[in-house]
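Structural characterization, general
Below are the chains, spelled out letter by letter.
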Amino acid sequence: MTANTQEALTSAALSFQLMTRAEPPELVIATIKSLLAVKEARDEILIIDNNNRETSLYKPLAAFCQSLDVKLNVHFYHIDRVEGFKAGALNLALGLMCPDCSHIVVVDSDYQALPHARASITQAIAQYPEYTLLQFPQFYRNEGQLDAHSELNHYFNHHLYRPFNRNRALSTGTYAVIRRSDLLSIGGWSGASITEDAQMGVLMHRQGFRSQFVPEVIATGLLPNTLDDLICQRRRWIYGNMQVLTDYLSVPYNSPFQHVSQSKSMDERLAYIRAHLSQLSAWANFTGFFILLHICSLLVMVDMLLINNADVSMLAPLYLVYAGYTFFILRRLWAYCRDQSPLNQQIDDNHQPRFSRKIRAWLMHLNFWEIGALSWLPVLWGREKPFVCTPKQNYIQNRHSLFLKNIAALPKLLLVLNIITAIVVAPFSPLYSPVLFICAAAVCILKLSAAKVAMDNFSDARADILSMSKVLRQTLKVAHEKKTTITTSYATSLFKDKKTIDS
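Residues numbered from 1 in each chain as written. Predicted model: local features only at pLDDT ≥ 70, side-chain atom pairs only at ≥ 80, totals over all residues. Heavy atoms only, no water.

This part takes up the overall build of the protein. Of the regular secondary structure elements, the protein holds 20 helices and 10 strands. In the protein, buried positions account for 56% of the 503 residues. In the protein, 85% of the contacts between residues at least 6 apart in sequence involve partners at least 24 apart. Here the protein has roughly 21,600 Å² of accessible surface; of this, 59% comes from carbon and sulfur atoms. (Helix = DSSP H or I, 4+ residues; strand = E, 2+ residues; numbered from the N terminus. Buried < 20%, exposed > 50% of the residue type's maximum accessible area, 1.4 Å probe, protein only. Contact = heavy atoms within 4.5 Å. Areas by Shrake-Rupley, 256 points an atom, 1.4 Å probe, with all protein chains shown as cover.)

As structure tokens, this is what we get:
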């Protein structure tokens, strides 16, 4: 790469694109301010508020954007009746963005940029000049929710960090840096899945474009307020990724090889397939079949006990069930124990990946065992699922209400199944089995311990809390204090007739 090319890439104009829907205006405004603190004059900030009839939520945001100096290139649009989930709004932004911007930076409404964000983006563009997608990690600034943070960020700290995934990363949404011309060449964003980011990554690889995970924290976001919100978010991720995966594996209409450029060698194509399958199935697990077998076995055994016709040979399926459970539990434990939290160490030099913290993150993950096992199954018979935004408002007014809401949200299927199993195979039962009794009791203990960790993390609901460490708190303070001069002399005139679109 020549010096002129390096300079051109470093001076690339960026389009920061925020898609909002019924978000608290003060939250979005704080994100816009963080971008104003890092953007350069040639960059733009494009905000599209879509499918939101609550004027109290979008009018303050519109007023703030209109109060900014036109030279800051901040453009706000309120557009109703957008189809295609978030992909539809992103495609509108793709058409409205300044054609001089070479790269799109997708920004979630709660992700505030750190001071070095733009410098890191342009450095990555210069380092990977031929790459279409550069994905930066998600990171969270909530205090008192370290286990939920560790569980969520395990994907970036360990899963995506591995070389075979890092060099073939699918997009995870926020702070995805995408070359505009390449995105246009594949027809823009696809609305075939509710996880349009992962779908876009697969389509790019199919066209021979390259991607890279850049393991550098350049922004921080917020965790969902409640456990129920977190579970809804996880269901959406699992369902959307499995939509992409089932399309990926559909036979005879498609072959996995069709989702990788045919110009690549066989070894390269197999490596891409491995990375795709790994990333698309990261939040799911395949113990759903064992759970269904568990339910059927218990129904048969309870019926046998009721008619006094106990037959210990009917316990055989349960041994298979617990073998599947054990494999899942130990495999996830192994993965969490290997997580060295490199992203956390970027923010806090004193961060130590303690074993106790890894165990708590693993237990937090076990709360989503049933979600990962069963949420994707409706994809198999083509059931549609709506796109549900993760709310950032603080709806819960007191700790007691929050406690009850979190208890109600906790997945309980496996706990109930294993309590029943422990009773059916207990020492006083005609179907007594010491091995199965110990297995059922162990799963009950794990699920109760996992629930305790979840309740510890969601015992309070605060919308925007300071950082999780003193170092990160100071970093964010610097980011908020480093503001670009903002004048309020007149409203933005560019695209004046398109500020509000109701089609």
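Further remarks concern the nonpolar core. Ile32, Ile45, Ile47, Ile121, Tyr175 and Met364 are the most contacted members of the largest nonpolar core, which has 113 residues in total. If you tally residues by element for this core, the top one is helix H10 (residues 227-249), at 10 residues. Other than its neighbours up to four places away in sequence, Tyr175 contacts Leu35, Val105, Val106, Val107, Tyr111, Gln112, Ala113, Leu134, Gln135, Phe136, Ile218 and Ala219. Grouped together as the second largest cluster of nonpolar side chains are 26 residues, Ala13, Ile48, Ala89 and Cys101 included. (Core = buried A, V, L, I, M, F, W, Y, C linked by side-chain atoms within 4.5 Å.)

Burial analysis of helix H9 (residues 196-206) places nine of its 11 residues in the buried class, the great majority of the element. Here H9 has its buried residues at Glu196, Asp197, Ala198, Gln199, Met200, Gly201, Val202, Met204 and His205. Residue Gly208 follows H9 closely and has a positive phi angle near 90°.

This paragraph deals with the pairing of strand S1 (residues 14-20). The side chains of a regular strand alternate between both faces of the sheet. Buried residues dominate S1, accounting for seven of its seven residues. In S1, alternate side chains face the same way, and those of Leu14, Phe16, Leu18 and Thr20 on one face and Ser15, Gln17 and Met19 on the other are all buried. As defined by bridge partners, S1 adjoins strand S4 (residues 103-107) across five bridges and the pair is classed as parallel. Following the sheet pairing, Leu14 is matched in S4 by His103. Inspection of the sheet shows S1 paired to strand S2 (residues 44-50) by six bridges, in the parallel sense. Looking across to S2, one finds that Phe16 is bridged to Ile45. The handedness of the S1 to S2 crossover, carried by helix H2 (residues 25-36), is right-handed. (Pairing = 2+ DSSP bridges. Right-handed = clockwise from strand over helix to strand, strands pointing away.)

Taking 1.5 Å as the rise per residue, helix H4 (residues 85-96) with 12 residues should run 16 Å; its terminal C-alpha atoms sit 18 Å apart, in good agreement. Taken residue by residue, H4 has Lys86, Ala87, Gly88, Ala89, Leu90, Ala93, Leu94 and Leu96 as its buried positions. Contacts made by the buried residues of H4 are with S1, S2, strand S3 (74-80), S4, helix H8 (180-185) and H9. (Expected span 1.5 Å × (residues − 1).)

Bringing the confidence of the model for the protein into the picture now. For the protein, the mean per-residue pLDDT works out to 85, and 86% of the residues sit at or above 70. Per-element confidence in the protein is highest for strand S6 (residues 133-135), whose mean pLDDT is 98, and lowest for strand S10 (residues 500-502), whose mean pLDDT is 36. Across residues 463-473, confidence stays below pLDDT 50; counting only partners more than four residues off in sequence or on other chains, it has 36 contacts. (pLDDT = per-residue confidence, 0-100.)

Across the two faces of strand S7 (residues 176-179) the burial is the same, with Ala176 and Ile178 and Val177 and Arg179 all buried. Alignment of S6 against S7, held across three bridges, turns out to be antiparallel. From the neighbouring strand, Gln135 faces S7, where its bridge partner is Ala176.

As a further point, take the packing of helix H15 (residues 355-366) against helix H19 (residues 434-457). In contact at an axis separation of 8 Å, H15 and H19 are set at 100° when each is read in the N-to-C sense. Accordingly, the angle class assigned to the pair H15 and H19 is roughly perpendicular. From H15, Arg360, Trp362, Leu363, Met364 and Leu366 reach across to H19, where they touch Leu446, Lys447, Ser449, Ala450, Val453, Ala454, Asp456 and Asn457. Tallied by class, the residues present in the contact of H15 with H19 amount to eight nonpolar, two polar and three charged. (Axes fitted to C-alpha atoms, helices over the stretch in contact; angles between N-to-C directions. Parallel < 35°, antiparallel > 145°, perpendicular 65-115°, else oblique. Nonpolar A, V, L, I, M, F, W, Y, C, P; charged D, E, K, R; others polar.)

Another point: the pattern of salt bridges. Using the criterion set out here, one finds 13 salt bridges in the structure. One salt bridge connects Glu40 with Arg118, and the closest N-O pair in it is separated by 3.7 Å. With a gap of 78 residues between them, Glu40 in the loop between H2 and S2 and Arg118 in helix H5 (residues 117-127) connect regions that are remote in the sequence. With a relative accessible area of 33%, Glu40 lands in the partly exposed category. Between Arg53 and Asp80 there is a salt bridge, with the nearest N and O atoms lying 3.5 Å from each other. Taken as a pair, Arg53 in the loop between S2 and helix H3 (55-66) and Asp80 in strand S3 lie far apart in primary sequence, 27 residues in all. The buried category is assigned to Asp80, whose relative accessible area is 5%. (Salt bridge = Lys/Arg side-chain N within 4 Å of Asp/Glu carboxyl O.)

Residue Ala22 is not a glycine yet carries a positive backbone phi of 55°. Relative to the assigned elements, Ala22 resides in the loop between S1 and H2. The exposure class assigned to Ala22 is partly exposed, which follows from its relative accessible area of 27%.

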